[in-house]
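Coordinate analysis (summary)
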Amino acid sequence: MNIAVSTATELGGAGTGRPSDMSERTLITRRIERNAAAESRTADSFQYPRGERLVHFSNWQDTIDEAPDIRSLIRILELAGFGQTADRIFALSISDELLDEDEQPASLESARALALAARDLIGLGEPRIGLADNGVLEAEWQLDYDKHIAMRFADKARTSFALIGPAAAMPNRVRFNGSGTTSDMLAMIRNLGVHRWRPHER
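Residues numbered from 1 in each chain as written. Predicted model: local features only at pLDDT ≥ 70, side-chain atom pairs only at ≥ 80, totals over all residues. Heavy atoms only, no water.

**Some details on unusual backbone geometry**
The phi torsion at Asn134 lies on the positive side, around 60 degrees, for a residue other than glycine. In this structure Asn134 comes out as exposed when scored by relative accessible area, which is 56%. (Buried < 20%, exposed > 50% of the residue type's maximum accessible area, 1.4 Å probe, protein only.)

Below, the structure is given as structure tokens:
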């Protein structure tokens, strides 16, 4: 498990909200934005029926681990109330409308890891989701200019994240990077207090 931390001052100043070195987050954001127009054009094609009663899954990890294929995992996400996440994974795994010729569709193992994060960070809302190389899904949550987290999910054994924002027991905004298992990364993010992030009042 690899971890790195720096203060907001080292990232370009405490008040700017523009870190000078956030390469992993920036790459993820650019890939997600690349698909934004296509996503808006095709989203209606991937909607599962709405209005169903939501299902509470008592053991989320076991539930997603037992999904035999990506369609089943998408359905679990839908039933649990993660409709936007389900639609996006559907678009990047089963349909080829959003994929370039040299892109692989999202893998089941990557989608399992993302599903863990979506449930754990539910208080931040549903993430924006993009596709990297080799079927790897990436996600980002941005509540404000100074509260931003990006994650990449190769599978549950290989997950990485980069974030900038306030953290528990840290007086200044900080940047953290980490890589390891999905469970370890989510535990680290939770220990930093990210699940308590809220947008600034306007």
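**Remarks on the pattern of salt bridges**
Following the criterion strictly, the structure yields six salt bridges and no others. Of the charged contacts in the structure, one is a salt bridge between Glu138 and Arg152, with a shortest N-O distance of 2.9 Å. Taken together, the positions of Glu138 in strand 3 (residues 137–144) and Arg152 in strand 4 (residues 147–155) put the pair 14 residues apart, joining distant regions of the chain. For Arg158, the salt bridge goes to Asp155, with nearest N and O atoms at 2.8 Å. Its relative accessible area of 53% is what places Arg158 among the exposed residues. In this structure Asp155 comes out as buried when scored by relative accessible area, which is 16%. (Salt bridge = Lys/Arg side-chain N within 4 Å of Asp/Glu carboxyl O. Helix = DSSP H or I, 4+ residues; strand = E, 2+ residues; numbered from the N terminus.)

**Regarding the environment of Ile70**
When you line up the elements, Ile70 lands in helix 4 (residues 70–79). On the basis of relative accessible area, Ile70 is assigned to the buried category, the value being 14%. Taking the C-alpha atoms as reference points, Ile70 and Ser107, separated by 37 residues in sequence, lie 7.7 Å from one another. When near neighbours in sequence (up to four residues on either side) are disregarded, Ile70 contacts Ile89, Ser93, Ile94, Ala106, Ser107, Leu108 and Ala111. (Contact = heavy atoms within 4.5 Å.)

As far as function goes, none of this settles anything; it's purely spatial.
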